[in-house]
Amino acid sequence: MDAYTTHAWRKRRKRYLEANPTCACGAKATEPDHTPPRQLLVALGIHDPDADQWLTQRCASCHARKTRIIDSQLLQRWRQGEDAQALCEEAMQQAAGVG
């Protein structure tokens, strides 16, 4: 089952966006975005990869841009064998500069 289709995720998503309604760019946040990518958190054995500490509120545009520029490249490198911990640290640094 996809983690994003569960009742628990939908409930957490709603609560998170109610508490964090604005993207860094000023637009309405519509996406709780995992930073680092959820797949890397799971690979590291993080017990609750959907905890608030791993989420950042983003509008659809900023979420798409971060996914395209940062997440897709990091996940590709992880699939090619790079260390998940190092990639998570890199993700945190890179994501700080994305709205």
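Residues numbered from 1 in each chain as written. Predicted model: local features only at pLDDT ≥ 70, side-chain atom pairs only at ≥ 80, totals over all residues. Heavy atoms only, no water.

Draft legend 1. Representation of the environment of Asn20 within the structure. Mapped onto the fold, Asn20 is located in the loop between α1 (7-19) and β1 (31-34). Assessed through its relative accessible area of 21%, Asn20 is described here as partly exposed. Sequence separation between Asn20 and Thr30 is ten residues; the distance between their C-alpha atoms is 9.7 Å. (Helix = DSSP H or I, 4+ residues; strand = E, 2+ residues; numbered from the N terminus. Buried < 20%, exposed > 50% of the residue type's maximum accessible area, 1.4 Å probe, protein only.)

Draft legend 2. Up close: helix α4 (residues 84-95). The end-to-end C-alpha distance of α4 is 16 Å, a good match for the 16 Å that twelve residues give at a rise of 1.5 Å each. Among all positions of α4, only Ala84, Leu87, Cys88, Ala91 and Ala95 are buried. Each buried residue of α4 lies within a common arc of 105° when the element is viewed along its axis, so the set occupies one face. Against α2 (38-43), β2 (55-58) and α3 (60-79) lie the buried residues of α4. With a side-chain oxygen positioned 3.3 Å from the backbone nitrogen of Gln85, the residue opening α4 is Asp83. (Expected span 1.5 Å × (residues − 1). Arc of directions from axis to C-beta. Contact = heavy atoms within 4.5 Å. Polar contact = N/O pair within 3.5 Å; in protein donor to acceptor, adjacent residues only side chain to side chain.)

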